[in-house]
Amino acid sequence: MAYSEKVIDHYTNPRNIGTLDKASAQVGTGLVGAPECGDVMRLQIQVSDSGVIEDAKFKTFGCGSAIASSSLATEWLKGKTVDQALAIDNMEIVEELALPPVKIHCSVLAEDAIKAAINDYRVKNGMEPLELEKSHH
Amino acid sequence: MIQIPIYLDNNSTTKCDPRVFEAMTPFFLEDFGNAASKSHAFGWKAEEAVDYAREQIAKIIGANSKEIIITSGATESNNLALKGVYEMYAAKGNHFITVSTEHKAVLDACKHLEKLGAEVSYLPVGEDGLIKVEQIQAAIKPNTVLVSVMYANNELGVIQPIREIAALCREHGVLFHTDATQAVGKIPVDVMADQIDLLSFTAHKMYGPKGVGALYVRRKNPRVKVTAQIDGGGHERGMRSGTLNVPGIVGFGKACEIAMQEMESEAARLRVLRDKLENALLEMEESYLNGHKEHRLPHTTNISFKYVEGEGLMMGIKDVAVSSGSACTSASLEPSYVLKNLGLDDELAHSSIRFGLGRFTTEEEIDFTIKCVTDAVNKLRDMSPLWEMFKEGIDLKSIEWSEH
């Protein structure tokens, strides 16, 4: 399968790899996927007091498209408010990275990871977790 | 000076040897006759070339040329063997025995026969990828007609105990077929010494052209027959109709001749290179060899790099052409059934890479590959959440993963 230039770029130079302190109340962590499915994403956000995502980090076990989807997600998250982040749709990732149909699940996983991270942050800060529509699988 | 990309996928297919290609060329242009044309020189010349090639093809497996049925490749040979025996011996029984790690050409042909009324036993392999003779023995029943066990596995390279299984079959009066696609031309195969009744093999895995293969069908002790699956002009003693692919057959013959001459030295050379590659990669933390270490083809190794996903890894080593057991390489999202049959965790199956060395592999290429793979594995582990958890001592099995 041929990868798009953008996937190759994110794979070769992944943005924001790393780990934030998951014990911090400012940090939300989302861990989605499963090893036996061949992809696991961990996405973390650090949220300021005013509700802006100041930092985002990821680590991903998966194919090039999964790595690129999560790398792109962290890029998009930085500087957004939590509410803006919730609006990120997996199809925007598909479009940006020109993912083929067989790789759409990678973008879905990235969207799930964003929402899981936000929910973790909400629960830590005494808010109700959001009802998430069950993902598209 | 090495040329990029490096080809280490010789279990998929091999480059045509220039000597083979050269032998084939006249049969496209000057000597283009139909080998079945008995009335003129064009036909005679083609027939003569086919006869000579058939001798070469028979010789590499210790057969008589009359026992060679030319086909389009090993998939067709496997189909002809299984379906042809099923039809031919329907009066004798309907039970087949095979192994869960066979190639799809065997497994899916068996599935097809099940729909027609066959009863098929798919025996499991051990974690080393090998089947035990006792398992076959226990599975044989009064209505068993055929046992089909591959000579060497395409993903792992493990070599099954063919001679013992064939002897057992002979003892019970059951026919024995082997898919020897990966073995012929790489290791000595002898249908007489091994007591094989039917054997499938193909040219393109041994530096011959694609689109031509053969089925060995024993003619004596016992005389084996298969019902044709392709009807027509009655070529190949009525077992496989269709105008002969003369250039392909000539190339197949030449490939067999070269393989016979060079097999021993080539295997010794490739074993050294394979071991160098394998040892270097297994030195890395959490990397595992898949399949039996000894009973194995000399040019193949299959390694899992835990906590790294196979397709992601292949992308990281794009200068080296290999195969992965990862789900992502197929549309099915299922990791390799062969590796799963060894009892490997899905995550290890997803993390596997098969390296297949070949006649044209050089030591420089192996050195390059070692560096390339090591760097990519380290890079991907640095971005793998699973690797981080492993390093923190977290048991991955204790985590409740989200299903998706």
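I will try to describe carefully the structure that is included in this document. (Residues numbered from 1 in each chain as written. Chains lettered and ligands numbered in written order. Predicted model: local features only at pLDDT ≥ 70, side-chain atom pairs only at ≥ 80, totals over all residues. Heavy atoms only, no water.)

### Observations concerning the overall build of chain B
The condition is simple: Put simply, DSSP H or I for four residues or longer makes a helix, DSSP E for two residues or longer makes a strand, and each gets a number counted from the N terminus. The globule rule is 2.2 Å times the number of residues to the power 0.38, and the radius of gyration it is compared with is taken over C-alpha atoms. Contacts: residue pairs with any heavy atoms within 4.5 Å of one another.
Each helix and strand counted, chain B has 13 helices and 13 strands in total. Taking 2.2 N^0.38 as the reference for a compact globule, 404 residues should give roughly 22 Å; the C-alpha atoms of chain B span a radius of gyration of 22 Å, in line with that estimate. Considering only residue pairs separated by 6 or more positions, chain B has 73% of its internal contacts joining residues 24 or more positions apart.

### Quick notes on the interface of chain A and chain B
Rule in force here: The quantity reported as buried area is the accessible area (1.4 Å probe) lost by two parts once they are put together, taken as the sum for both. Salt bridges are identified by distance alone: a Lys or Arg side-chain nitrogen within 4 Å of an Asp or Glu carboxyl oxygen.
Contact with chain A, which involves 31 residues of that partner, is made by 28 residues of chain B. Together, the buried faces of chain A and chain B total about 2,700 Å²; carbon and sulfur atoms form 65% of this surface. Ranking the residues of chain A by area buried against chain B places Y11, P35 and F61 of chain A at the top, with a combined share of 25%. Viewed at the interface, chain B and chain A are joined by three salt bridges.

### So, the sheet that holds strand β8 (residues 213-217) of chain B
All names here are of chain B. Using the following cut-off: We call two strands paired when DSSP finds no fewer than two bridges between them. Inter-axis angles, ranging from 0 to 180 degrees, are taken between N-to-C directions of lines fitted to C-alpha atoms, where helices are fitted over the stretch in contact.
The strand order β2-β8-β7-β6-β5-β3-β4 describes an open sheet built from seven strands, whose pairing is mixed. The open sheet terminates on both sides in strands that have one partner only, identified here as β2 (68-71) and β4 (119-123). Neighbour to neighbour, the strand axes of the sheet diverge by 20° on average, direction disregarded. The sheet contact formed by strand β3 (residues 95-99) and strand β5 (residues 144-148) spans three bridges and is parallel. If you follow H95 over to β5, its bridge partner there is T144.

### Points about unusual backbone geometry
P5 of chain B follows I4 of chain B through a cis peptide bond whose omega is -5°. Mapped onto the elements of the fold, P5 of chain B is located in the segment before β1 (6-7). The omega torsion across N221 of chain B and P222 of chain B is -5°, close enough to zero to call that bond cis. Considering the arrangement of structural elements, one finds P222 of chain B in the loop between β8 and α8 (246-282). Its identity is not glycine, yet N16 of chain A carries a phi of approximately 60°, on the positive side.

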